[in-house]
Amino acid sequence: MAVCIAVIAKENYPLYIRSTPTENELKFHYMVHTSLDVVDEKISAMAKALVDQRELYLDLLYPTEDYKVYGYVTNSKVKFVMVVDSSNTALRDNEIRSMFRKLHNSYTDVMCNPFYNPGDRIQSRWALLPVSASSPGGPYFLCPHPVQVGPAFCVLLPSLCRTCLAILVAKMQPFGK
Amino acid sequence: MSPTQWDLPVELCCRPMAFVTLTGLDVVYNAVHRAVWDAFCANRRADRVPISFKVLPGDHEYPKCRPKRTSYEWYIPKGILKTGWMNKHLNLVPALVVVFYELDWDEPQWKEKQSECATRVEIVRQSLQGRNTKVAVVLIQKKTPLPPGEDVIASERAAALCNACELSGKSLFVLPHTDHLVGYIIRLENAFYEHAQTYYYTEIRRVKSHKEFLNKTTHQLLFVRHQFKIAFFSELKQDTQNALKNYRTAYNLVHELRAHETNILEIKTMAGFINYKICRLCFQHNTPLDAIAQFRKHIDLCKKKIGSAELSFEHAAWMSKQFQAFGDLFDEAIKLGLTAIQTQNPGFYYQQAAYYAQERKQLAKSLCNHEASIMYPNPDPLETQTGVLDFYGQRSWRQGILSFDLSDPEKEKVGVLAIQLKERNVAHSEIIITLLSNAVAQFKKYKCPRMKSHLMVQMGEEYYYAKDYTKALKLLDYVMCDYRSEGWWTLLTSILTTALKCSYLMAQLKDYITYSLELLGRASTLKDDQKSRIEKNLINVLMNESPDPEPDCDIFAVKTAQKLWADRISLAGSNIFTIGVQDFVPFVQCKAKFHAPSFHVDVPVEFDIYLKADCPHPIRFSKLCVSFNNQEYNQFCVIEEASKANEVLENPTQGKMCLVPGKTRKLLFKFVAKTEDVGKKIEITSVDLALGNETGRCVVLNWQGGGGDAASSQEALQAARSFKRRPKLPDNEVHWDSIIIQASTMIISRVPNISVHLRHEPPALTNEMYCLVVTVQSHEKTQIRDVKLTAGLKPGQDANLTQKTHVTLHGTELCDESYPALLTDIPVGDLHPGEQLEKMLYVRCGTVGSRMFLVYVSYLINITAEEKEIVCKCHKDETVTIETVFPFDVAVKFVSTKFEHLERVYADIPFLLMTDLLSASPWALTVVSSELQLAPSMTTVDQLESQVDNVVLQTGESASECFCLRCPSLGNVEGGVATGHYIISWKRTSAMENIPVIRTVITLPHVIVENIPLHVNADLPSFGRVRESLPVKYHLQNKTDFVQDVEISVEPSDAFMFSGLKQIRLRILPGTEQEMLYNFYPLMAGYQQLPSLNINLLRFPNFTNQLLRRFIPTSIFVKPQGRLMDDTSIAAA
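Basis of the calculations
- Residues numbered from 1 in each chain as written.
- Chains lettered and ligands numbered in written order.
- Predicted model: local features only at pLDDT ≥ 70, side-chain atom pairs only at ≥ 80, totals over all residues.
- Heavy atoms only, no water.
- UniProt positions renumbered as here; feature names shortened; annotations may be inferred.
- Helix = DSSP H or I, 4+ residues; strand = E, 2+ residues; numbered from the N terminus.
- Buried < 20%, exposed > 50% of the residue type's maximum accessible area, 1.4 Å probe, protein only.
- Contact = heavy atoms within 4.5 Å.
- Domains from an automatic or database assignment.
- Buried area = accessible area lost by both parts, 1.4 Å probe.
- Salt bridge = Lys/Arg side-chain N within 4 Å of Asp/Glu carboxyl O.
- Polar contact = N/O pair within 3.5 Å; in protein donor to acceptor, adjacent residues only side chain to side chain.
- Nonpolar A, V, L, I, M, F, W, Y, C, P; charged D, E, K, R; others polar.
- Phe/Tyr/Trp six-rings, centres within 6.5 Å; stacked < 30°, edge-to-face > 60°.
- Lys NZ or Arg CZ within 6 Å of the ring centre and 35° of its normal.
- Disulfide = S-S within 2.5 Å.
- Axes fitted to C-alpha atoms, helices over the stretch in contact; angles between N-to-C directions.
- Parallel < 35°, antiparallel > 145°, perpendicular 65-115°, else oblique.
- pLDDT = per-residue confidence, 0-100.
- Pairing = 2+ DSSP bridges.

Where an unreviewed UniProt entry is consulted, chain B appears under the name Trafficking protein particle complex subunit 11, with the organism given as Macaca mulatta. Per UniProt, chain B carries the Sequence similarities (unreviewed entry) text "Belongs to the TRAPPC11 family." The annotation that UniProt attaches to chain B under Function (unreviewed entry) is "Involved in endoplasmic reticulum to Golgi apparatus trafficking at a very early stage."

As annotated in an unreviewed UniProt entry, chain A is Trafficking protein particle complex subunit 2-like protein from Macaca mulatta. As its UniProt record puts it under Subcellular location (unreviewed entry), chain A is described as follows: "Cytoplasm, Perinuclear region". The annotation that UniProt attaches to chain A under Sequence similarities (unreviewed entry) is "Belongs to the TRAPP small subunits family. Sedlin subfamily."

Chemist: When you look at unusual backbone geometry in this model, what are you seeing that I'm missing?
Modeler: Keep in mind that most residues, glycine aside, have a negative phi and that most peptide bonds are trans. Residue and element names in this part refer to chain B. In this chain, proline 762 is followed by proline 763 through a cis amide linkage whose omega measures -5°. Within the secondary structure layout, proline 763 lies in the loop between β17 (754-759) and β18 (764-765). Positive phi values are uncommon outside glycine, yet asparagine 286 reaches one of about 60°. With respect to the secondary-structure elements, asparagine 286 resides in the loop between α9 (264-284) and α10 (288-302). The exposure class assigned to asparagine 286 is exposed, which follows from its relative accessible area of 55%. Non-glycine residue aspartate 786 carries a positive phi angle of around 55°. By the element assignment, aspartate 786 lies in strand β20 (residues 784-793).

Chemist: Can you help me understand the UniProt feature "domain: Trafficking protein particle complex subunit 11 C-terminal" (unreviewed entry) in chain B in this one?
Modeler: In the numbering used here, UniProt assigns the feature "domain: Trafficking protein particle complex subunit 11 C-terminal" (unreviewed entry) to residues 1037-1095 of chain B. End C-alpha to end C-alpha, residues 1037-1095 of chain B measures 12 Å, and it is 0% helix and 61% strand.

Chemist: Would you mind going over the environment of alanine 271 of chain B with me for this structure?
Modeler: Residues and elements named next belong to chain B. Along the chain, the position of alanine 271 falls in helix α9. A C-alpha to C-alpha distance of 6.2 Å links alanine 271 and tyrosine 251, two positions 20 residues apart in sequence. When residues no more than four places from it in sequence are discounted, the contact partners of alanine 271 are Tyr251, Val254, His255 and His298.

Chemist: Hey, could you run me through the domain arrangement of chain B in this one?
Modeler: Interfaces are often sized by the accessible area lost when the parts come together. Residues and elements named next belong to chain B. Domains assigned within chain B are domain 1 (1-224), domain 2 (586-640 + 655-723 + 732-746), domain 3 (752-878), domain 4 (886-1008) and domain 5 (1012-1117). A straight line from the C-alpha centre of domain 4 to that of domain 5 covers 34 Å. Counting residues at the interface gives 5 residues for domain 4, matched by 8 residues for domain 5. Taken together, the two surfaces of domain 4 and domain 5 that pack against each other cover about 590 Å², and 58% of this comes from carbon and sulfur. The largest contributions to the domain 4 side of the interface with domain 5 come from Lys898, Tyr906 and Ile909, which together make up 72% of the buried area. Seen at the junction of domain 4 and domain 5, the total is 0 salt bridges. Summed over the shared surface of domain 4 and domain 5, the number is 0 residue pairs in polar contact (both at pLDDT 80 or more). Counted by class, the side of domain 4 that touches domain 5 contains 3 nonpolar, no polar and 2 charged residues.

Chemist: Which parts of the structure should I look at to understand the packing of aromatic side chains?
Modeler: Tallied over the full model, the rule gives 52 aromatic pairs over all chains. What links up through ring pairs into an aromatic cluster is the set Phe283, Phe295, Phe323, Phe326, Phe330, Tyr349, Tyr355 and Tyr356 of chain B. Lying across the ring of tyrosine 16 of chain A, arginine 18 of chain A places its NZ or CZ 5.0 Å from the centre. Of note, lysine 1119 of chain B hangs over the ring of phenylalanine 1023 of chain B, and the distance from its end group to the ring centre comes to 3.7 Å.

Chemist: Just to check I follow, could you spell out the state of the cysteines for this structure?
Modeler: Under the definition given, this model contains 0 disulfides over all chains. We note that cysteine 4 of chain A lacks a disulfide partner, and the nearest cysteine sulfur, in cysteine 448 of chain B, lies 19 Å from it. For cysteine 4 of chain A, a relative accessible area of 1% translates into the label buried.

Chemist: Looking at this structure, I do not really get the packing of helix α1 (residues 25-49) of chain A against helix α15 (residues 449-465) of chain B. What am I missing?
Modeler: Put simply, α1 of chain A and α15 of chain B touch, their axes get as near as 7 Å, and they point 150° apart. Between α1 of chain A and α15 of chain B, the angle falls in the class roughly antiparallel. Of the residues in α15 of chain B, those touching α1 of chain A at Tyr30, His33, Thr34, Leu36, Asp37 and Asp40 of chain A are Pro449, Arg450, Met451, His454 and Val457 of chain B. Here the contact of α1 of chain A with α15 of chain B is composed, by residue class, of 5 nonpolar, 3 polar and 3 charged.

Chemist: Honestly, the confidence of the model for chain A in this entry has me stumped. Any pointers?
Modeler: For residues with low pLDDT, the predicted coordinates do not support detailed interpretation. Residue and element names in this part refer to chain A. Summarising the model, chain A shows a mean pLDDT of 74, and 66% of its residues fall at 70 or more. Residue range residues 130-141 is modelled with pLDDT below 50. Its contacts to residues more than four positions away, or to other chains, number 22 contacts. Counting contacts from residues 146-155, a segment whose pLDDT is below 50, to residues more than four positions away or on other chains yields 9 contacts.

Chemist: Explain the sheet that holds strand β38 (residues 1030-1038) of chain B to me, please; I cannot follow it from the model alone.
Modeler: Paired through their backbone hydrogen bonds, the strands of a sheet run either parallel or antiparallel. Residue and element names in this part refer to chain B. Read across the open sheet, the 4 strands follow the order β36-β38-β42-β40; overall the sheet is antiparallel. The strands lining the two open edges of the sheet, one partner per strand, are β36 (1014-1019) and β40 (1056-1059). For this sheet, the mean inter-axis angle between neighbouring strands, taken without regard to orientation, is 25°. Pairing between β40 and strand β42 (residues 1073-1082): 4 bridges, direction antiparallel. Along β42, the bridge assignment pairs serine 1059 with asparagine 1079.

Chemist: Would you explain the UniProt feature "domain: Trafficking protein particle complex subunit" (unreviewed entry) in chain B in this entry?
Modeler: When the UniProt feature table is mapped onto this chain, "domain: Trafficking protein particle complex subunit" (unreviewed entry) is found at residues 263-521 of chain B. Along residues 263-521 of chain B one finds 69% helix and 0% strand; the C-alpha atoms at either end are 56 Å apart.

Chemist: Hey, could you run me through the environment of glycine 580 of chain B in this one?
Modeler: All names here are of chain B. With respect to the element layout, glycine 580 can be found in strand β6 (residues 576-580). In this structure glycine 580 comes out as partly exposed when scored by relative accessible area, which is 30%. Residues glycine 580 and arginine 750, 170 residues apart in the sequence, show an inter-C-alpha distance of 38 Å.

Shown next, in the form of structure tokens:
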């Protein structure tokens, strides 16, 4: 699995960075940040090529001694960067692609969360972690209240507390009918 | 060992070239020889053959050749490659020795010279005993040689000389010392090159021949050695393809060697050498991908071969060198034309080299931390007898020992200690920084700004470790803004922390404060305990005390720093620092907001300054001042608290000068704007917030404009996007995100309190003096002064309207072109409260259409605002749109005297002009008079008196006039004849007496005039009476210049009897008139047809009776017979 995943906003500031060896987090931050050089270059090359069907996957960005850094860019110019251990030969291109696709899906779910304001840093530690195999399929609407007490109030949205559910319902009303 | 033991040897890195020595040349004293030597060595460009030349004396001793080994059976090699071997074949053992000798073919003492030459050759051969080195002889001759075959003596003697010297004919050369020296030299060196190649070829064969004697168990090292030698000779032979092949084999063989802790260094060293050669050749062959692949393979193979754990820093050093060497090779290849890309450039290798150098430093730090009491061992185990090692990569204290067991553990220990102690003296930081700066230069070239920044951070940190804080700070400060602008707060915080340490250790006050401010701010990801420590330090600094040292700093450096801080305290001088915050993210945020986008000048301008602190503890500020574009307002917007320095910490949560973390503090300011600023923008140019006190130290945070720092624009954008519901706050508090900076406001004039009315009777009539009554009434509470009126056509309309609109105050005279369209600033005087005044304006509009008129009233009034007396200028304007229409329509027609419509008139024959004036005005018009001005071509038949004087016309009514005119014969005029003008003088009935009358001139239409040959008119009474004689006289006028034959006949009628000529034919002379007299006797009463007169002109068949009917009456009213008797009888009765 990836040792670090990052979501970078269109303006190139980090929305979300998690690395598994937490002791040297800073190194991964730098690694992700420097990889944006290559991402920028690839995106501008893509823009020049004027390809209709955009390939979101940017392939290997650059190899370092110990890690491989892969990139992916959504149509709204949000970038995903994934750092993989060089020694992990099990991860081929296809696996990386599918991991990015999963990450993209999770990110889309976060965007769908009405409590999430696009452009804000993604606070929840596990919001995007469905990428790793161990975690279950993520809840799609996370309420901002850290502690959820009591049983789920809504079967469809089990991760919302009562207050947030009320707000959500109020927000949804204009869309009904 | 030298500290540069990791550097690759020079002989490895150079390009091997065939080595040729030149003997018999006296380059010091002999000019000819000097010239020959210069021609050999000067200007050696790429197109010359690759040979390295050396001038040696003829009796030079070459390295001795060891006796040939006949059997390898008992031979055990002591190492892989001798340290001197490469140098020996590059610079000591020549492939060819050239003997230069001055000898012409026609030399008189030929015999003696020939034997001398043979001796010289013999001497050279002697010193090359056992080597395959070739010998060649070059005869330096003064004469140009003849073409081959022609000089018989030459060929004879050449053969003899070869014989004497035991040379083949191919090894004897002639060098005529003439004009074309360089040409001859180039030919010579090509020949030498061939000889050298043959030599190296035989050397390769010789080394290969050893192979068969070797066995795999004891001679493993020799396999590598021989393969390397073959490859190296191939390179000397310039056969790079084979060289590469052999190096590759050698490389594989090296890794087949049995590795052990004792020989791993040797293996790695050799592997490094061979790898270097392979990569170098790959780049030379323009196959960079092969080079990169080989290097990757090399690194993967060697990465784990660390060797002795005690000396693991050596491995890191070696790794670092591998990367650096590859980076250098790559860079060199790029300079020779290779193109690198963003993701594959030398920078990555330098970066990795730096990484290993850092690792080396770390390892050295942990492995070489011997106590100071441990002395360097004596005798030095690293010293060897010769000063150099025999074999590459061996330990000096056990050279040539191949056993894997450590024969002498004590000696080993001392050796390791010596290496460790040596390592301690290595300037690691210097190495790292050099590598990093190499990498920075590369990444700069290949568009990697972020990578560059990252490396610069590393450089800065390395400078920090090297205690060069000034340089560290410079680098860190340089890159900080990149991370800040992209919002990578974690990285920024890390950099700031290092920078703060540097500034602490140097006691750089301003930097220390700046970094503290940012580390306390919202961009910092530090934990609260760290923040509160920094805040405490900051407060200490502001109170002119020393801050506590930063954690994890070098103890000695901290001691120096504490002294520096102590000096700073005693230092008198400027302790006020102004820090512009727009470039960073301080812990105090500021937003300024005017209450409204505009203020009337008579109400005070109000704005709020919002402040918010992000630090963990409350902080008190000492002064807040706001600056404006008009600096006169600055004095009104200052908050200052006279507090002593030590009060910074006291009562922190009270008072408006205190900022509580997370709470938004609102400060209200108001001031009265200057009247001069009406219509101008007032802008906040900066907000200054002073922390600390002038008696201690004072930091002034300076926000440009209405607040905002490096991060706030992005935050504002996010806040604007957000639709999060914000929790309710108490009334006097606001959400920071919801405050939008408004740093400027407009000052607008006071609202006027007067009324302006316009009274008029639209529409305006063309050219009339249209009266507009302006009524101004004051509703102010005090007297208003200097009331001025500006009235007229509103500017900005069609330019033609300006030409055709004139405004005046005097209605008694008609205004002309010279009057303006807009009257400005007409003084009207003062007005008391409630008073009103009226002003009449007259507008003359020359064209129809609608116009906008503006009436603008301005005045001055004294107002008290915020206990200040100010004079306000107020104004009010009214606009009105007025339509202009024609007052009336005039219709004109021409009719005959019989009131029949005329298309044309006949010369000299009277006709009637009828005018018809139809009022179109909605208001009653008075036609004062009318006048007909005839053109000279027209004459009047009777008086031209006006028939419509003082007629009043209501809407839709019309006034008609009729004039009888005649047009004298003029001949044929194209387009008709001008009639004249009809002038109407008029005014509105409602207009006052003194309003002038308007004269409207109407140009009458032209009329077509036609001549007729004969004019007939009849003289007859206006009526007849039954049975009473009715005399009728016809006048026939000849209007032509000819005598006219006229046939006249009168047709009888039932109603009349008549006497006179019934049918006649007569002649009328030109210009004369003929009268015809008839006496009609009416028989019937009523409207009766007269007996019709028929005239036939023989010359003018066109003259018809129909035309005639226009001039003469065709019928007459006949009254019945009178009853005269009855009349009298009635009278009698």
